[in-house]
Each structure stands twice: as C-alpha cells, then as structure tokens.
Amino acid sequence: MEEKKVKLRVLGVSYNQIQSGAYALILVEEGGKFRIPVVIGAAEAQSIAAKLENVQLPRPLIHDVFHMMTHAFGIIVKEVFIYKFQRGVFYSEITFADGDREVRIDSRTSDAIAIALRTNTPIYTTSEILKNTGFAVTGDDTVVDVEQESIPEGLETVPLTRFAIPELEKMLQSSIVKEEYERAAEIKKVIDEKKAQNAEK
C-alpha cells in the first residue's frame, strides 16, 4: 500500500552559518507543525528567493526558462515529490503531463522546488521523511517543549559525538530556537545514531 503523501509549502531561505556558501531552504508541513531544512547552493537559493520575493531580474534564470518552455509546449507540472532521504541528501522527482501521458523525472530537490514555485505546483513528501528530518514547532513559531538554555562558549568546537543524548537534545532545541536549522540537522543525526547504537546493545 502506497504511503500517504504529506503536503509541504516553502517558508523561505536562510543563510547556512555552518557551511560557507550554502543556504537552508525551509519547508513547512501544510496544516502541521514540522519544518524541514534542505541544504542548497547559492544559485538555487537566489532563484527561490527571487520568486518568493517577486523580484524581477534583468534576464530570466534557468528555472524561468524551464517554466516558459513547459507553458509553450502545453506541458503541465503536476507535482514535486521528495521521496527519499539518504546520507544527508533529499531525493525528489517531478511529475509532468501533456494530456496523453504522465512522466516522472528525477531532480535535485532545490531545482524541483524552484520550478514548483514558478508553476504553482504542489510539493509533497512522506510522513517518514517528515518525521526523520523535520523539527516540530507550534503555530506561533515557538518550539514545542523547548528548554531555551544557551550553549556555553567554546562547546561549538567540541565534536558532537562526545556529548550525551540529553545534552545533545538541549543543543538541538537551542539550535531550532535560533533557527540554525543545519546545525540542528547535524545534532539530530548524531542523536539518532546514538539511540540506534544503544538499541543494539
């Protein structure tokens, strides 16, 4: 039985403080409390931000050209589906239709989202991906059950694997409060690995 898809919307793009030259695309569960950060490059961030902010650029970007091409040839972009998350990478596909047939094409998630914004195409993922990569927030953008404790100066340089799970969970919530989503993703990955190791013992 095919897993029910979860609809997402684009919240915005933020600069990645950890990885120079990279940005975090923030996706939000529609009608829900989860956010998903996706690391993207500068060019894709510019393209997505330009559309979100309705900025008119002097020359069209590649995603604009793609949109114009599908429109010119009567091709409908039906949906973007983020179907897998593996080793820190989100995998997506775009579904196209021309009236006679439907075709699914694999795509980088950043490109798929940039195209979806221009074609008003719905974006979906699975509940499993949402659970494994998302962070829960309340409707007023405050984190659920957050203990807003600051991290002592200098601890940012200590390898995450040296911290116990309770400490890591506090660091995770602190990163979410500060909207440092990429740092939060790294911490969550270490927490999951430690919990998996404990389960095997």
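Quick caveat, the model's predicted, so the values are computed rather than measured. (Residues numbered from 1 in each chain as written. Predicted model: local features only at pLDDT ≥ 70, side-chain atom pairs only at ≥ 80, totals over all residues. Heavy atoms only, no water.)

The subject of this paragraph is the packing of aromatic side chains. Going through the model one piece at a time under the given rule, you end up with three aromatic pairs. Considering the side-chain rings of Y83 and Y91, the 6.5 Å spacing of their centres and the 50 degrees angle between planes classify their relative orientation as tilted. Here Y91 falls in the partly exposed class, since its relative accessible area comes to 27%. When the centroid spacing of 4.5 Å and the interplanar angle of 50 degrees are considered together, the rings of F85 and F90 count as tilted. According to the relative accessible area criterion, F90 is buried, its value standing at 11%. Sitting over the ring of F81, K5 keeps its end group 4.6 Å from the ring centre. (Phe/Tyr/Trp six-rings, centres within 6.5 Å; stacked < 30°, edge-to-face > 60°. Buried < 20%, exposed > 50% of the residue type's maximum accessible area, 1.4 Å probe, protein only. Lys NZ or Arg CZ within 6 Å of the ring centre and 35° of its normal.)

We now examine the pattern of salt bridges. Following the criterion strictly, the structure yields eight salt bridges and no others. Close ionic contact of R108 with E44 constitutes a salt bridge, the shortest N to O distance being 2.6 Å. Of this pair, R108 sits in strand β6 (residues 102-108) while E44 sits in helix α1 (residues 42-52), and the two are 64 residues apart along the sequence. Looking at E44, the relative accessible area reads 11%, which means it is buried. A network of salt bridges, in which partner residues are shared, links E44, R108 and D111. (Salt bridge = Lys/Arg side-chain N within 4 Å of Asp/Glu carboxyl O. Helix = DSSP H or I, 4+ residues; strand = E, 2+ residues; numbered from the N terminus.)

The next thing to look at is the packing of helix α5 (residues 165-177) against helix α6 (residues 181-200). At their nearest, the axes of α5 and α6 sit 9 Å apart, and the two run at 155 degrees to each other. Between α5 and α6, the angle falls in the class roughly antiparallel. For the pair α5 and α6, the crossing hand works out as left-handed. For the pair α5 and α6, the contacting residues are I165, L168, E169, M171, L172, S175 and I176 in the first and R183, A184, I187, K188, V190, I191, K194, K195 and N198 in the second. (Axes fitted to C-alpha atoms, helices over the stretch in contact; angles between N-to-C directions. Parallel < 35°, antiparallel > 145°, perpendicular 65-115°, else oblique. Left-handed = near helix turned anticlockwise from the far one by under 90°. Contact = heavy atoms within 4.5 Å.)

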